[in-house]
Amino acid sequence: MDKKGKFTLVINELKRNIRGSLIFVLGMIFLLIMFNQSYLKNELIDVSETASESYDAFIPAFATFAIFIAAISSVTLALDHERGYVKFLLSFPVSKYSLLLSKILASFLVSLFFFSCFVLQYLISFSIAGVPLGENMLLCVLISYAAVSIFLLLAIAIGLFTSVVFKSSIKSITITLILLILWTMMPGPLSGQKITTITINNYKRDLPLFYLSPDGFLFASIHYLNINNPSQWYLKRYYFTVSCIGFLVFSSVMLVLLLISMILFKKSEIY
Amino acid sequence: MEIVVCQDLYKLYGKLVALENLNLTLHSGKKYGIIGPNGAGKTTFIKLICGLLKPTKGYMNVFSLDPWKDRVKVCERIGVLHEETLLPLTEKVFDIFVYVGKLKGLSTAELKKEAEGLLNIFGLRDKIHLRIGTLSAGQKRRLELALAFMGSPELIILDEPTANVDPSGRRDVMSIIERLSNEIDATFIISTHSLLYLEKICDEIVFLDRGKILVKGDVRDIIAKYSKPVVRIETSDNKRFAEEIKGLSSVDYVNIEGRSVIVTIKGEDFYKDVVKIADKLGLHLYRLEPLHETLESIYKIIIGRRENG
């Protein structure tokens, strides 16, 4: 298949994803923006000096929503299998890798669009309220996008992995949701902080331990930017370290799952 | 040129043997019919050619390529219609042509020209703006068939092209296939239970049963080889006549079908015997007509032989 064919495959997959989830995603965006407006106004805008200051409190919940959309979007591979759409496509000169990559790209773009709607809404709300963005804002947004991109790809990898292994939409969706709920419900700022104690320069310090959940990790990696007080530099170092470890762990798991999914899909027979 | 070559090919689904020790060579430009009862391995054979399944044992190549390893290259040169309808129902008819055309590497001008031609041939010209889900089963089948012909494939594989189609639609579909098979310079592999059409379209037949080749060869040769002389007779009293000729040494089998007595002959004296018996019983002979065996009757004979060991 030439480049034009691959491009067509991605565009078509994107079209199918958007068509399949358009009403759901748009409805959810509308409802969440309505709900979010009052949260921004009452909880964040009034008490924030800059937009970047409260970004870490705002973004994790919406990253979690985007993660679910990404996973559900990718798990439709199992549904495509059941409906014979995979067989239909593979009867033409379409490689299995291209098919998987188009699924990954389409799921990623749809869920990233969902996430971007909220980032945009956040920035617009603060601008309208006349609150300055803050000098870290761009960095905060960039870091959140980097982290969310990894999360979305990990969620997609989970969806593809269960689809390829089970080839049954009900089983794949159920197991994907269980795994995502377990992952996103890990202790984080939304579900209460767990404390760990580390020793720095012979002093014992209490630190929040929530970086394995997406919201906790996002909070840590963005909050890190907003710590400017020298007395809290140990916290800044801690957040930086866990952010780096988090990136490595999430990326590795994501890559391994994607690789296994690709190998299994390549080897799988289409009955 | 050899297009499909199988040597000692096996395909197993767990313990179930779908294809067993298949040795077969299909040549370019010919029209092959794959026949056999359900579960004979016809669809498995087709899926192996398309690279959707991996052979358990043995060797298979299509266009001198391993279809499992080089599926994309093989698919560039084939057009396939699967047994079940696989079309995405939310797409529009014309959009699916564009999509498939682009996947097959056609330029916009080429695919537009091909789509228009095929839509006309398959009678879907007025359906181009409809969603596939709104088409009838017969129209969906014709659409899938049209897609199989896109991109001028060298090998066209049709698995049960008349599945889910009503009898009149079946006739239309098979007539279109017959017409295209004469017009297009491609190799055809057709698996169907519509043996009457297969006899008209195909040059060679591969008769599969329980994963093995029972019979293979030229359609006409097979019919000649397995044919027995059969005669249709109509008399003024078919029942009495049939009872009387049953015991003759020149008669193999007698059956009353409607207003006729169908007799399978085994001796050369049959025609003399018939006249004698009609005279003896005082019956009028209205009709005495030799019948030609069809692929369908041969199919029954071969299956009958297999069942009787």
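**Q** Explain the overall build of chain A to me, and be specific about the residues and the numbers.
**A** A tally of regular secondary structure across chain A gives 8 helices and 2 strands. Sequence-distant contacts in chain A: of pairs separated by 6 or more residues, those separated by 24 or more amount to 80%.

**Q** Talk me through the overall build of chain B; I want residue IDs and the actual numbers.
**A** When its secondary structure is counted, chain B shows 11 helices and 13 strands. Along the first, second and third principal axes, the C-alpha atoms of chain B reach 75 × 45 × 35 Å. The burial tally for chain B puts 38% of its 309 residues in the buried class. A fraction of 65% describes how many contacts in chain B between residues 6 or more apart in sequence connect residues 24 or more apart.

**Q** Tell me about the interface of chain B and chain A, and please be specific about residues and values.
**A** Every contact between the two is made by 20 residues of chain B and, on the other side, 20 residues of chain A. For the side of chain B that touches chain A, the element with the most residues is helix α3 (residues 93–103) of chain B, which contributes 4 residues. Of the residues in the side of chain B that touches chain A, the class split is 12 nonpolar, 3 polar and 5 charged.

**Q** Let's hear about the nonpolar core: which residues, and what values?
**A** Membership of the largest hydrophobic core comes to 81 residues, with the highest contact counts inside it found for A146 and I157 of chain B. In terms of residues, this core owes the most to one element, α3 of chain B, which gives 6 residues. When sequence neighbours within four positions are dropped, the list of residues in contact with A146 of chain B reads L118, L119, F122 and L124 of chain B. Listed in part, the 59 residues of the second largest apolar core include V25, V110, V141 and L153 of chain A.

**Q** Explain the sheet that holds strand β6 (residues 155–159) of chain B to me, using residue names and the numbers behind them.
**A** Residues and elements named next belong to chain B. The 6 strands are arranged β5-β6-β7-β3-β8-β9 in an open sheet whose pairing can be described as mixed. If you trace the sheet from one side to the other, it starts and ends with β5 (78–81) and β9 (212–218), each paired once. Adjacent strand axes in the sheet meet at a mean angle of 15° when their direction is disregarded. Taken together, the 6 bridges between strand β8 (residues 204–209) and β9 define a ladder with antiparallel strand orientation. Each bridged residue has a counterpart across the sheet, and for F207 the counterpart in β9 is V215. Contacts from helix α8 (residues 219–226) reach β8 and β9, with the element oriented near 110° to β9.

**Q** Give a detailed account of the domain arrangement of chain B, specifying residues and quantitative values.
**A** When cut into domains, chain B gives domain 1 (2–225) and domain 2 (228–291). The straight-line distance from the C-alpha centre of domain 1 of chain B to that of domain 2 of chain B is 43 Å.

**Q** So, the sheet that holds strand β1 (residues 2–13) of chain B: which residues are in play, and what are the values?
**A** In a beta sheet, neighbouring strands pair by backbone hydrogen bonds and run either parallel or antiparallel. Residue and element names in this part refer to chain B. With antiparallel pairing, the 3 strands of this open sheet are ordered in space as β2-β1-β4. For this open sheet the edge positions go to β2 (16–27) and β4 (57–62), each flanked by a neighbour on one side alone. Going from strand to strand, the sheet's axes swing by 20° on average, the running direction of each strand aside. Looking at chain direction, β1 and β4 are connected through 5 bridges and run antiparallel.

**Q** Can you break down the confidence of the model for chain B residue by residue, with the values?
**A** In the predicted model, chain B carries a mean pLDDT of 88, and the fraction of residues at 70 or more is 98%. With a pTM of 0.82, the predicted complex shows an ipTM of 0.81.

**Q** Describe helix α5 (residues 137–148) of chain B, with residues and values.
**A** All names here are of chain B. Compared with the 16 Å implied by 1.5 Å per residue over 12 residues, the 17 Å span of α5 between its first and last C-alpha is a close match. Of all the 12 residues making up α5, 9 are buried; the element is thus mostly covered by neighbouring parts of the structure. Close packing links the buried residues of α5 with β5, α3, α4 (108–121), β6 and α6 (167–183).

**Q** Now, about the packing of helix α2 (residues 55–83) of chain A against helix α6 (residues 169–184) of chain A: what can you tell me, with residues and values included?
**A** Residues and elements named next belong to chain A. Close contact between α2 and α6 brings their axes to 9 Å; oriented N to C, the two are set at 160°. Viewed along their axes, α2 and α6 adopt a mutual orientation that is roughly antiparallel. Considering the relative orientation of α2 and α6, their crossing is right-handed. Of α6, the residues touching α2 (which contributes T64, I67, F68, A71, V75, A78, L79 and E82) are S169, S172, I173, T176, L180 and T184. Taken together, the residues of the contact of α2 with α6 break down into 8 nonpolar, 5 polar and 1 charged.

**Q** Please set out the environment of E257 of chain B residue by residue, giving values where relevant.
**A** Residue placement: E257 of chain B occurs in strand β11 (residues 251–257). Along the sequence, E257 of chain B and S236 of chain B sit 21 residues apart, while their C-alpha atoms lie 15 Å from each other.

**Q** Residue-level account of the environment of V4 of chain B, with values.
**A** Residue and element names in this part refer to chain B. With respect to the secondary-structure elements, V4 resides in strand β1. Taking C-alpha positions, V4 is 19 Å from I184, a pair spaced 180 residues apart along the chain. If we skip the residues at most four places from it in the chain, V4 touches L26, I49 and V62.

How each quantity is defined
- Residues numbered from 1 in each chain as written.
- Chains lettered and ligands numbered in written order.
- Predicted model: local features only at pLDDT ≥ 70, side-chain atom pairs only at ≥ 80, totals over all residues.
- Helix = DSSP H or I, 4+ residues; strand = E, 2+ residues; numbered from the N terminus.
- Contact = placed C-beta atoms within 7 Å.
- Buried ≥ 20, exposed ≤ 12 C-beta atoms within 10 Å, placed from the backbone.
- Nonpolar A, V, L, I, M, F, W, Y, C, P; charged D, E, K, R; others polar.
- Core = buried A, V, L, I, M, F, W, Y, C linked by C-beta atoms within 7 Å.
- Pairing = 2+ DSSP bridges.
- Axes fitted to C-alpha atoms, helices over the stretch in contact; angles between N-to-C directions.
- Domains from an automatic or database assignment.
- pLDDT = per-residue confidence, 0-100.
- Expected span 1.5 Å × (residues − 1).
- Parallel < 35°, antiparallel > 145°, perpendicular 65-115°, else oblique.
- Left-handed = near helix turned anticlockwise from the far one by under 90°.

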